[in-house]
Amino acid sequence: MRGETLRESDMPRISYVNGRYVAHRDASVHIEDRGFQFGDGVYEVCEISRGFIVDMTRHLDRLDRSLTELSIAWPMTRKALTVVIREVIRRNRVVDGLVYVQVTRGVASRDFVFPRSDLQPSLVVIARNVDVAAVAKKVENGLKVITVPENRWDRVDIKSTGLLPNVLAKQKAKEAGCQEAWFVDADGKVKEGGSSNAWIVTKDGVLVTRPADHGILRGITRTTLFDVAAKLGYKIEERGFSVAEAKAAREVFLSSATTIAMPIVEIDGQPVANGHPGTITLSLRQAFFDIAEKSPA
Ligand code: PMP
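Residues numbered from 1 in each chain as written. Predicted model: local features only at pLDDT ≥ 70, side-chain atom pairs only at ≥ 80, totals over all residues. Heavy atoms only, no water.

It is worth spelling out the pattern of salt bridges at this point. A full pass over the atoms with the stated rule returns 23 salt bridges. Here Lys-191 makes a salt bridge to Glu-150, at a shortest N to O gap of 3.1 Å. On the criterion of sequence distance, the pair formed by Lys-191 in strand E9 (residues 190–193) and Glu-150 in the loop between strand E7 (143–149) and helix H5 (164–175) is long-range, its members being 41 residues apart. (Salt bridge = Lys/Arg side-chain N within 4 Å of Asp/Glu carboxyl O. Helix = DSSP H or I, 4+ residues; strand = E, 2+ residues; numbered from the N terminus.)

In structure tokens:
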């Protein structure tokens, strides 16, 4: 999870903005960029681990879906985008970290309706290292979550940059001494976190996560964890689970590209099981890198 101050060595140095590699501190978009004015854009975050881009194919497939759903054109070919991604990673000497890709509908005089259809979409790519030791510490301690009522729109399956409810929920979590907020639907079932998917492990060792047809983002890490679970011989049930069921579960964890499978040890101030990270969660985390797709950065 982010939110902490970056170490100097983790600060991006060079970023890509609309055709140019620029010093990160000077990197900027136009004031009439629709991403800036309306949140009219989409994004992806890929993990970089041991010099490899993890699950890039699935991330770019989801980017394609998000763009299609919003009728935003690709800013360049998929092949060219992979070249830019690699170049930004290289220029920032990222070995363990993340790469962020954002595409917006582009720059146009402010008007709610779509501008002309041949508008050039904006593209931003940022890469940076993460503090591996700090992540290891989080895994060791586990995370704490709060629950909040779902207040987002019904197209959260699109990875849009319109993230204000997520911002407010995660800020509330931080103020409660927690690292993630779970959105809970009107039936009391957990949807997902502000920037992660939610999982529990039942007493019988079955992994449970909400179906991703609608109402949540189909996390790439979530999808790859299905492959990992199959390899390790764990059963997965795709169904909703209540906050009460999560509090009584054997293990609880979240998944996202930057956290993989991360143990949750407390929900709304109540410890999960013995209050320590669960062994199944840790085994999924351990096996993840070997099973995920790895593209040389
Ligand atoms: N749900 C939400 C709302 C997210 O923002 C994220 C992280 N981008 C996820 C789930 C996890 O998705 P992924 O595994 O692709 O990072």
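There's plenty left to go through after this.
Lys-159, Glu-192, Ile-220, Thr-221 and Ala-257 are the nearest of the 18 residues found near the ligand. In the environment of the ligand, a nitrogen atom lies 2.3 Å from a nitrogen or oxygen atom belonging to the side chain of Lys-159. Here an oxygen atom of the ligand and a backbone polar atom of Ala-257 are 2.8 Å apart. Protein chains bury 94% of the 390 Å² of accessible surface belonging to the ligand in isolation. (Near = heavy atom within 4 Å. Polar contact = N/O pair within 3.5 Å; in protein donor to acceptor, adjacent residues only side chain to side chain. Areas by Shrake-Rupley, 256 points an atom, 1.4 Å probe, with all protein chains shown as cover.)

In this structure, Leu-63, Leu-81, Ile-85, Ile-89, Val-99, Leu-123 and Val-125 are the most contacted members of the largest nonpolar core, which totals 25 residues. Looking at this core, the elements that each hand over two or more residues are strand E3 (41–49), helix H2 (56–69), helix H3 (78–91), strand E5 (97–104) and strand E6 (122–129). Residue contributions to this core peak at 5 residues, all from H3. Ignoring anything within four residues of it in the chain, the contact list for Leu-81 reads Leu-60, Leu-63, Trp-74, Met-76, Val-101, Leu-123 and Val-125. Residues Val-139, Ile-200, Val-243 and Leu-254 belong to the second largest nonpolar core, which totals 19 residues. (Core = buried A, V, L, I, M, F, W, Y, C linked by side-chain atoms within 4.5 Å. Buried < 20%, exposed > 50% of the residue type's maximum accessible area, 1.4 Å probe, protein only. Contact = heavy atoms within 4.5 Å.)

All right, on to the domain arrangement of the protein chain then. By domain assignment, the protein chain separates into domain 1 (8–130) and domain 2 (135–292). Across the contact, 23 residues belong to domain 1 and 21 residues belong to domain 2. Where domain 1 meets domain 2, there are 3 salt bridges. For Arg-65, the salt bridge is made with Asp-157, and the minimal N-O distance between the two is 2.9 Å. (Domains from an automatic or database assignment.)

As a further point, take H2. Each α-helix winds once per 3.6 residues, and so residues spaced three or four apart point in a common direction. Taking 1.5 Å of rise per residue, 14 residues should cover 20 Å, and H2 covers 20 Å from first to last C-alpha, within 8% of that figure. Along H2, the positions that sit buried rather than exposed are Met-56, His-59, Leu-60, Arg-62, Leu-63, Ser-66 and Leu-67. Seen along its axis, H2 keeps its buried residues to an arc of 160°; they face one direction. Contacts from the buried residues of H2 go to E3, strand E4 (52–54), H3, E5, helix H6 (220–232) and strand E16 (294–296). In the stretch just after H2, Ser-71 is the one whose phi turns positive, near 55°. (Expected span 1.5 Å × (residues − 1). Arc of directions from axis to C-beta.)

This part is about the sheet that holds E4. If you trace the 7 strands from one edge of the open sheet to the other, you get E2-E1-E6-E5-E3-E4-E16, paired in antiparallel fashion. The outermost strands of the open sheet, each flanked by one partner alone, are strand E2 (20–23) and E16. In this sheet, neighbouring strand axes are inclined to one another by 30° on average, regardless of whether the strands run parallel or antiparallel. Pairing of E5 with E6, which is carried by 8 bridges, proceeds in the antiparallel orientation. The residue of E6 that forms the bridge with Val-99 is Ala-127. Relative to the sheet, H3 contacts strand E1 (14–17), E2, E3, E4, E5, E6 and E16, its axis offset from that of E6 by approximately 35°. (Pairing = 2+ DSSP bridges. Axes fitted to C-alpha atoms, helices over the stretch in contact; angles between N-to-C directions.)

The next thing to look at is the packing of aromatic side chains. Evaluated as defined, the whole model comprises 7 aromatic pairs. With a centroid separation of 5.1 Å and 50° between ring planes, the pair formed by Phe-38 and Phe-112 is classed as tilted. Of the two residues, Phe-38 is situated in helix H1 (residues 34–38) and Phe-112 in the loop between E5 and E6; the sequence distance between them amounts to 74 residues. On the basis of relative accessible area, Phe-38 is assigned to the partly exposed category, the value being 25%. Feature note: the residues Trp-199, Phe-226 and Phe-253 constitute an aromatic cluster, connected by ring pairs. (Phe/Tyr/Trp six-rings, centres within 6.5 Å; stacked < 30°, edge-to-face > 60°.)

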